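Letter by letter, the chains look like this.
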Amino acid sequence: MTDPLAAAAGAALVFTATNLDDIVVLTVLFVAARGSGRPRAWHIVAGQYLGIGALVATAVLVAAGLLVVPDPWTGLLGLLPIALGARALLARTDDEAPPAVVDSLLGVAGVTVANGADNIAVYVPVFRSLEPAAGLVWLLVFATLVAVWCATAALLGGHPRVVRLVGRAGHWLVPTIFIGIGLVILVTSGVLTRLAGLAT
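Everything in this summary refers to the structure shown in the same document. From a predicted model like this one, the values you see are computed outputs, not experimental measurements.

What counts and what doesn't
Residues numbered from 1 in each chain as written. Predicted model: local features only at pLDDT ≥ 70, side-chain atom pairs only at ≥ 80, totals over all residues. Heavy atoms only, no water. Helix = DSSP H or I, 4+ residues; strand = E, 2+ residues; numbered from the N terminus. Rg over C-alpha atoms; globule rule 2.2 N^0.38 Å. Buried < 20%, exposed > 50% of the residue type's maximum accessible area, 1.4 Å probe, protein only. Contact = heavy atoms within 4.5 Å. Areas by Shrake-Rupley, 256 points an atom, 1.4 Å probe, with all protein chains shown as cover. Lys, Arg positive; Asp, Glu negative; His and termini not counted. Charge placed at Lys NZ, Arg CZ, Asp CG, Glu CD. Phe/Tyr/Trp six-rings, centres within 6.5 Å; stacked < 30°, edge-to-face > 60°. Axes fitted to C-alpha atoms, helices over the stretch in contact; angles between N-to-C directions. Parallel < 35°, antiparallel > 145°, perpendicular 65-115°, else oblique. Left-handed = near helix turned anticlockwise from the far one by under 90°. Core = buried A, V, L, I, M, F, W, Y, C linked by side-chain atoms within 4.5 Å. Nonpolar A, V, L, I, M, F, W, Y, C, P; charged D, E, K, R; others polar. Bend = angle between axes of the 7 residues up to and from the residue. Polar contact = N/O pair within 3.5 Å; in protein donor to acceptor, adjacent residues only side chain to side chain. Expected span 1.5 Å × (residues − 1).

Once that is clear, we can look at the overall build of the chain. Secondary structure assignment for the chain yields eight helices and zero strands. Listing the helices and strands of the chain from first to last along the sequence gives α-α-α-α-α-α-α-α. Taking 2.2 N^0.38 as the reference for a compact globule, 200 residues should give roughly 16 Å; the C-alpha atoms of the chain span a radius of gyration of 18 Å, in line with that estimate. Across its three principal axes, the chain shows a C-alpha extent of roughly 60 × 50 × 25 Å. Expressed as a percentage of the 200 residues in the chain, the buried residues total 42%. The contacts in the chain between residues at least 6 apart in sequence include a share of 86% that link residues at least 24 apart. On the chain, roughly 10,300 Å² of surface is accessible, and the fraction owed to carbon and sulfur atoms is 71%. Computing the positive centroid from 10 side-chain charges and the negative centroid from 10, the chain places the two 8 Å apart.

Okay, structure coming up:
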């Protein structure tokens, strides 16, 4: 029999451990939204839900044996934030507003998926072992924590010190953060090692 409290605690622990880096991404998006109006706040929230939902759905399908995710090729998703960051750096202007590295709902969802592709490796064995009732608790906790993540990032993105920092250095800081995230994804996924092996 499923213990709802134990299931909720486990879900909260796993979500927190696998999505701490999303706070940084969401915060810079909210700062950019306050400065330039892009992406809109609802794009950020809906995009985060869409991205996390896609990751969880993929993990559930893999756990059920209905889908195979080629590992470590998902690491190539790291190219998305790198491309977005590079585009923002090349398109910089003299405007004081931080650059809109991502300016749409699908853009936010894409960055969320790219940043969380490695989460699938954690989620799959968990969802494989859960009873249906416990799985439902996990999904509810995940949905709740996405809202908490967005609210926390929105508060951080409105903090005067954060706003001043991004206002002063946003033209290179925000795109650089995205490029850094992409590089971390590429390196930690092992896809570069796989590509090097194919080249030799």
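Another aspect to go through is the packing of aromatic side chains. Under the definition given, this model contains six aromatic pairs. For the pair F15 and F142, a centre-to-centre distance of 5.2 Å together with 70° between the ring planes defines the contact as edge-to-face. Taken together, the positions of F15 in helix α1 (residues 4–36) and F142 in helix α6 (residues 132–157) put the pair 127 residues apart, joining distant regions of the chain. In this structure F142 comes out as buried when scored by relative accessible area, which is 3%. With a centroid separation of 5.9 Å and an interplanar angle of 45°, the aromatic rings of W138 and F142 are classed as tilted. Taken together, the residues W138 and F142, both in helix α6 and four residues apart, mark about one turn of the helix. Here the aromatic residues F15, Y123, F127, W138, F142 and W149 are joined through ring pairs into a cluster of three or more.

Turning our eyes to something else, we now look at the packing of α1 against helix α2 (residues 41–63). Between α1 and α2, whose axes approach to 10 Å, the crossing angle comes to 155°. The angle between α1 and α2 places the two elements in the roughly antiparallel class. Regarding α1 and α2, the two cross each other, and that crossing is right-handed. Contacts from F15, N19, D22, L26, L29, F30 and A33 in α1 reach A41, I44, V45, Q48 and I52 in α2.

On to the nonpolar core, then. With 44 residues, the main nonpolar core has V102, W138, F142 and F178 as its most contacted residues. Not counting the four nearest positions on each side in its chain, F178 is found in contact with V25, V28, L29, P81, I82, G85, V101, V102 and V111.

Moving on, we come to the packing of α1 against α6. Look at α1 against α6: their axes get within 7 Å of each other, and the N-to-C directions meet at 30°. Here α1 lies roughly parallel to α6, going by the angle between them. In the packing of α1 onto α6, the handedness of the crossing is right-handed. Each residue belonging to the contact of α1 with α6 can be placed in one class, and the counts come to 24 nonpolar, six polar and two charged.

Three or four residues apart is the spacing at which side chains of an α-helix point the same way, because the helix has 3.6 residues per turn. Bending of α1 peaks at approximately 55° at the position of N19. Its side-chain oxygen 3.1 Å from the backbone nitrogen of L5, D3 forms the N-cap of α1. Directly after α1, the chain includes G37, whose backbone phi takes a positive value near 80°.

Attention shifts here to α6. For α6, which comprises 26 residues, the first-to-last C-alpha distance of 37 Å matches the rise-based estimate of 38 Å (1.5 Å per residue) to within 8%. Taken as a whole, α6 has its buried residues at A134, G135, V137, W138, V141, F142, L145, V146, W149, C150, A153 and G157.

Let's shift gears to the side chain of H43. Here H43 lies in helix α2. By relative accessible area, H43 is classed as buried at 14%. Excluding anything up to four places from it in sequence, H43 contacts D103, S104, L105 and V108.

Here I23 is to be found in helix α1. Put simply, I23 and S104 are 81 residues apart on the chain and 18 Å apart in space, counted from C-alpha to C-alpha. The contacts of I23, once residues within four sequence positions are left out, are W149, T152, A153 and L156.

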